[in-house]
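Observations on chain architecture
Listed below, chain by chain, are the residues.
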Amino acid sequence: MERMIIFCMLFFCSSMVLTAAPQKAMKYKQLVKTIEQLEAVVKDKDVELLHTPENPVDGCLFTAVTCFQNGTLKLQPKNSQVNSTFIKTVNILKRTILKDSGEQCESSCESYKKKAPKEFLKSFAKLMKKVINQS
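Scoring rules and cut-offs
Residues numbered from 1 in each chain as written. Predicted model: local features only at pLDDT ≥ 70, side-chain atom pairs only at ≥ 80, totals over all residues. Heavy atoms only, no water. Helix = DSSP H or I, 4+ residues; strand = E, 2+ residues; numbered from the N terminus. Expected span 1.5 Å × (residues − 1). Buried < 20%, exposed > 50% of the residue type's maximum accessible area, 1.4 Å probe, protein only. Contact = heavy atoms within 4.5 Å. pLDDT = per-residue confidence, 0-100.

1. Concerning helix α2 (residues 61–72)
A rise of 1.5 Å per residue sets the reference length of α2, with its 12 residues, at 16 Å; its end C-alpha atoms lie 17 Å apart and thus fit the reference within 8%. For α2, the complete set of buried residues consists of L61, A64, V65, C67, F68, Q69, G71 and T72. On its buried face, α2 sits against β1 (50–51), α3 (83–94) and α4 (117–134).

2. Concerning the side chain of T34
Mapped onto the secondary structure, T34 falls in helix α1 (residues 2–41). Classification of T34 by relative accessible area gives buried; the value is 4%. With near-sequence residues (within four places) excluded, T34 lies in contact with T89, I92 and L93.

3. Details of the confidence of the model for the protein
If pLDDT is low for a region, its predicted coordinates should not be looked at in detail. When pLDDT is averaged across the protein, the result is 84; 84% of the residues are at 70 or more. Between the elements of the protein, mean pLDDT differs from a low of 73, seen in α1, to a high of 95, seen in strand β2 (residues 114–115).

Structure, rendered in structure tokens:
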């Protein structure tokens, strides 16, 4: 009886470990789709340029993602017809994406070049794909 209980516990624990990684990857893939949806409804002319992290070192991923999340708050919808889609999408991207690794990053958001909103979002999607590959 004890062996059966131990076996069941081991089986349960191992199945939980195996499902945790794919769920995280699925979450990140869904975020990439969300970013790509936002590209279609964002205003790209006569807008503020945004600091766009590119190729951050591994210890700076959290900082780079935070920069992107803060930048999405400055985006504007391209017209009033897409406003509700725009708001829903931005609200999804405001949620916590990565946990803070605790590592100190020497670069700040302001140290990155400023780019137009669509280029900003393409770089955000590229960074999230990098996060997926590291998971």
